[in-house]
Structure formats: structure tokens, C-alpha cells
Amino acid sequence: MGQQKRCKSASHTSVKAFKVLGGIDSLYYFADTTNDALYQDFFENTLNLCADFSFDDFKAVYRGSTSSKTSGFGGVWYGVSFGDCLIARIGFKSGLIQRNVNNIFVQLDGESIYRNGLLESIIIVFEFLCHFCSSPAVTQKNTDDLIVNRADINAFITGWDFGSYNSPEYFKTPFKRQRLAPAIADDYCDIYYNANEMESIYFGTRGGSWRFKLYNKGLEIVSHLRSGARAPAAMAKLCYLVVNGLLKHGSTHEEIIASNCWNLEFSFKREILKEFGLYTVSAVLDNSQNLFNLGLNKIELLDADLSTIQKARSSGHLNRLPVSSDWQSIGKKYNSLEVKPIERHLRRHKQSTLDGITKTILYKLRNCGYTFDNFIDTIYENRDIMNATRFCDLPEKIV
């Protein structure tokens, strides 16, 4: 897989049928513990020691520190797991420094979002924090009290081969090329190919207030299943797509890649969310479809061949070209399973998004004491068990 500068023109016809499953792929937020003596005491005596700790079914593993001079959040970071599932990466800082910044910064992990569900993941984080916080913003478990920092609003799409859109020219975007700096002329867009088929395209920069991503999700899942450390999150996403009918039960790795399952995602940071008055997690959950449609309106897929688009762009008549009607219909089909009218006060959800077979695949081996260091070896030692479940067939191990 590599970057390619020149591509052949592709012709596109109307997509007859495609499925869309909307959701929130990533969520970062702050929790306020201002003037919380219980939290400050726990920070000074436990969190600030930069050592692993655990209680009940929770385990927190130290992940490093960030400085307020080089980062907007200066504190210590822990990876928090509940049982055998990684829930979130959480940063903690002293209430005596950076008083204009909330003390707790939560970054939910994809493994938990797709294994437990987004709302359940938020509840689990609340329960973890309640062990050492007395602030109402935590103890009341209310999403109105959580200050959103970033939300990745996404839709999984099957039945539409985006691979043929092998040039950024097909997309009309508000991002501008850097005309005065040839060395970074393509920073506004990254596009990757394989045999002239587009595998992923990104508009915007990591430091920007929002970013667009479109990539082959099946290809990413298979790649992460083979990577080791990312396998649990990839398996959770695979099962989520199987349960919701976007991928077939029992698909091989090759069939998953060939399934044309794509992820279309808009990453919105606090700067742009504030422009629309979306300050809290509740506000983002209630407006996820509006945000998704906002992204679709900002980046549009043109309904024309590449040579026509290039001529219109060079003559300044790009706005005269039609936008794909199928592209516009994606927003109408967006319907997040998690983001329907929700109760502000969350209750515990008892039913997991994964069934018993999937748990057997991914988690029982780890319950027996296996770690990530020998996780992949263990999987291949139990290939018969894995293949019997038919979520995917494992190839022979490559040494």
C-alpha cells in the first residue's frame, strides 16, 4: 500500500443498494472535580505515584505523563480496564495547576465502544471515578456534566465500492491546497492506493478543528486482527458488524477484505462543536445525525468523470457539477443504534453487544492468565476453536 500521484479516470454509476450503520466511533471528554478534596487526596497519594493500581474489577495501568508546557493537559495517564476489556485512556491532573482545565480527561477506547456500547462505556467510567471522586459531576452520572473535547461521528457502509474514486479530485471540499509552499502542497489530503484502487482518503490535518476520513474498514480489521495488540478492538468491531448485518457470519479474511465495508467518518473537535453550541456529551449524542449531515455538506462527492471534474476545476466552474445523489442519501440512512433519544440519567445496560461465542473467542483465553505477549501464540495453538466459531478462518502462522 502506498501513495500514488497519478490515477486513471473512473466512471461511476448510481449505487443500487447500500447499507448504512451510523454511530460514534470515538469520544473524548472532560469531567470536572473542582474543589473535590477526595479526588485531590487520591491524586496526591495514588495517581501521582505513576504506578499501576486496582480495585474491584478495575485495573489501571500507568501509560505516561504529559506536560502543561507542551500539551493542553498536563497530568498522568492510565489505561483503565474493567475485567478483561480496555475501557478508556484517562488523564488525571492536580486541581492546584491549570485551574482553567478540568482535572479528568477521558478518551474512550474502541474495544469498549464496540464490545459494551458507547453509553455503557460512559457508565463504566463513571463507576470507576466514583471510587475516588465526590464531585456531583461524577457521582450523579449525568452526561450533561461531561464537557466534550472530540467526537468522531461515523457510518459503516456496505454495498458501495468507494475504491474506484481513486483521486481527491472527485471530492469537493473546503480545504485548500497550500499554493505558497510546494513542499507541503498535498498536506490538505492523504490518499492511499493498491493496484489503482483507493484504500483510504483523508482531508484535513490532525491539528485542525475537524477532519474527514474514508477508508476500507474490512481491510483495516483484517490488518489489526493480524497485528496482536490491536486484535481485541478489531474483533469487537468485526462482531459488531456481523451482528448488525454488514458482514457475513463465517467470513474468511479474504471475504472480509472483499466485502466493500467502508468507514466514513468526520472527526469534530471542541473548537467547531462550540460554534454550534455543543458543549456536553449529551448535546453531541442528541445531535450526532446533524453533525454527520454537516460533514456531508462540507465534503461532497461529485457525480462526474475525472476529466470533466478537472476541466471544471481549472475553469473555476466546479460548483456547476452535480453532487452524487447517493452521497446525499447517506445522511438520511444514518441511524445510530446508540444515539436515539436517551435518558440524561443513564442506567446500566445488562446486555452486551457481543454474544457468548465471541466472548469465547476473544476473552476466555485471557481469563486463563494469558497476556498480550503470548496472546497471538495462544490463538494459533487454539486454531480449531477459533475456526469452529466461523467468524473468520485463521491462515497458517507466518513466522
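The structure under discussion appears in the preceding block.
Residues numbered from 1 in each chain as written. Predicted model: local features only at pLDDT ≥ 70, side-chain atom pairs only at ≥ 80, totals over all residues. Heavy atoms only, no water.

**Let's talk about the overall build of the protein chain**
Next up, step 1: On a plain count of helices and strands, the protein chain comes out with 16 helices and 13 strands.
Next up, step 2: Burial analysis of the protein chain (399 residues in total) assigns 53% to the buried set.
Next up, step 3: For the protein chain, the share of sequence-separated contacts (at least 6 apart) that also reach a separation of at least 24 residues comes to 70%.
Next up, step 4: For the protein chain, the accessible surface area stands at approximately 19300 Å², while carbon and sulfur atoms represent 48% of it. (Helix = DSSP H or I, 4+ residues; strand = E, 2+ residues; numbered from the N terminus. Buried < 20%, exposed > 50% of the residue type's maximum accessible area, 1.4 Å probe, protein only. Contact = heavy atoms within 4.5 Å. Areas by Shrake-Rupley, 256 points an atom, 1.4 Å probe, with all protein chains shown as cover.)

**What about helix α12 (residues 325-333)?**
Next up, step 1: Those residues of α12 lying buried are Asp 326, Trp 327, Ser 329, Ile 330 and Gly 331.
Next up, step 2: In this structure Ser 324 caps α12, since a side-chain oxygen of it lies 3.3 Å from the backbone nitrogen of Asp 326. (Polar contact = N/O pair within 3.5 Å; in protein donor to acceptor, adjacent residues only side chain to side chain.)

**Some words on the pairing of strand β9 (residues 189-194)**
Next up, step 1: Here β9 shows one buried face, formed by Cys 189, Ile 191 and Tyr 193, and one open face, formed by Asp 190, Tyr 192 and Asn 194.
Next up, step 2: As judged from the six bridges shared by β9 and strand β10 (residues 197-203), these two strands associate in the antiparallel manner. Along β10, the bridge assignment pairs Cys 189 with Phe 203.
Next up, step 3: Linking two consecutive strands that pair antiparallel, namely β9 and β10, is a turn of two residues; a positive phi of about 55° is found at Ala 195 within it. (Pairing = 2+ DSSP bridges.)

**Considering the pairing of strand β6 (residues 104-108)**
The side chains of a regular strand alternate, residue by residue, between the two faces of the sheet.
Next up, step 1: Most of β6 sits inside the fold, with five of its five residues counted as buried.
Next up, step 2: The two faces of β6 match: Ile 104, Val 106 and Leu 108 on one face and Phe 105 and Gln 107 on the other face are all buried.
Next up, step 3: Pairing geometry for strand β1 (residues 19-31) and β6, over four bridges, is antiparallel. Bridging from a neighbouring strand, Ala 31 pairs with Ile 104 of β6.
Next up, step 4: Two elements, strand β5 (residues 85-92) and β6, share five bridges in a ladder whose sense is antiparallel. Bridging across to β6, Arg 89 finds its partner in Gln 107.

**Let's talk about the state of the cysteines**
Throughout this description, disulfide means a covalent bond between two cysteine sulfur atoms.
Next up, step 1: For the structure shown, the criterion picks out zero disulfides.
Next up, step 2: Cysteine Cys 133 remains unbridged, with the sulfur of Cys 130 as its closest cysteine sulfur at 7.4 Å. (Disulfide = S-S within 2.5 Å.)

**Let's talk about the side chain of Lys 93**
Next up, step 1: Tracing the backbone through its elements, the reader meets Lys 93 in the loop between β5 and β6.
Next up, step 2: Polar side-chain contacts of Lys 93 include one of 2.7 Å to the backbone oxygen of Ile 97.
Next up, step 3: Of note is the side chain of Lys 93, whose polar atom sits 3.1 Å from the backbone oxygen of Gln 98.

**Quick look at the packing of helix α10 (residues 288-298) against α12**
Next up, step 1: The interhelical angle for the contact between α10 and α12, taken along N-to-C directions, is 170°, at an axis separation of 9 Å. Here α12 runs roughly antiparallel to α10, going by the angle between their axes. Judged by residue contacts, Gln 289, Phe 292, Asn 293 and Leu 296 of α10 engage Trp 327, Ile 330, Gly 331 and Lys 332 from α12. (Axes fitted to C-alpha atoms, helices over the stretch in contact; angles between N-to-C directions. Parallel < 35°, antiparallel > 145°, perpendicular 65-115°, else oblique.)

**Brief notes about the sheet that holds β1**
Next up, step 1: Reading across the sheet, the 11 strands line up as β2-β3-β4-β5-β6-β1-β7-β12-β11-β10-β9 and stay open at both edges, with antiparallel pairing between neighbours. Looking at which strands have only one partner, the edges of the open sheet turn out to be β2 (53-55) and β9. Averaged over all adjacent pairs, the angle separating strand axes in this sheet is 20°, with direction ignored.
Next up, step 2: As defined by bridge partners, β2 adjoins strand β3 (residues 58-66) across three bridges and the pair is classed as antiparallel. Note on β3: the bridge partner recorded for Phe 53 is Ala 60.

**What about helix α5 (residues 217-225)?**
Next up, step 1: Among the residues of α5, Lys 217, Gly 218, Ile 221, Val 222, His 224 and Leu 225 are the ones counted as buried. Looking straight down α5, one finds that the buried residues subtend no more than 165° of arc, so they occupy a single side.
Next up, step 2: Among the residues of α5, the N-terminal cap falls to Asn 216, whose side-chain oxygen and the backbone nitrogen of Gly 218 are separated by 3.1 Å. (Arc of directions from axis to C-beta.)

**Overview of the pattern of salt bridges**
Next up, step 1: Taken as a whole, this structure holds six salt bridges when the rule is applied.
Next up, step 2: One salt bridge in this structure joins Arg 115 and Asp 84, with 2.8 Å as the shortest N-O distance. With Arg 115 in helix α2 (residues 110-115) and Asp 84 in the loop between β4 (75-82) and β5, the pair connects residues that are 31 residues apart, well separated along the chain.
Next up, step 3: The exposure class assigned to Arg 115 is buried, which follows from its relative accessible area of 9%.
Next up, step 4: For Asp 84, a relative accessible area of 14% gives the class buried.
Next up, step 5: Between Arg 150 and Asp 152 there is a salt bridge; the shortest N-O distance is 2.8 Å. (Salt bridge = Lys/Arg side-chain N within 4 Å of Asp/Glu carboxyl O.)

**A short note on the packing of aromatic side chains**
Next up, step 1: If you walk through the whole model with that rule in mind, you get 39 aromatic pairs.
Next up, step 2: Between Tyr 62 and Tyr 78, the aromatic rings sit 5.7 Å apart at their centres with planes inclined by 65°, giving edge-to-face as the arrangement. A residue pair is termed long-range when its members are at least 10 positions apart, and Tyr 62 in strand β3 and Tyr 78 in strand β4 qualify at 16 residues.
Next up, step 3: Tyr 62 sits in the partly exposed class, given a relative accessible area of 27%.
Next up, step 4: Consider the rings of Phe 212 and Phe 266, whose centres lie 5.5 Å apart with planes at 50°: the pair is tilted. Linking Phe 212 in strand β11 (residues 210-216) with Phe 266 in strand β12 (residues 261-269), this pair joins segments that are 54 residues apart in sequence. In this structure, Phe 212 and Phe 266 share a single accessibility class: buried.
Next up, step 5: Its guanidinium or amino end placed over the ring of Trp 77, Arg 89 lies 4.3 Å from that ring's centre, counting from NZ or CZ. (Phe/Tyr/Trp six-rings, centres within 6.5 Å; stacked < 30°, edge-to-face > 60°. Lys NZ or Arg CZ within 6 Å of the ring centre and 35° of its normal.)

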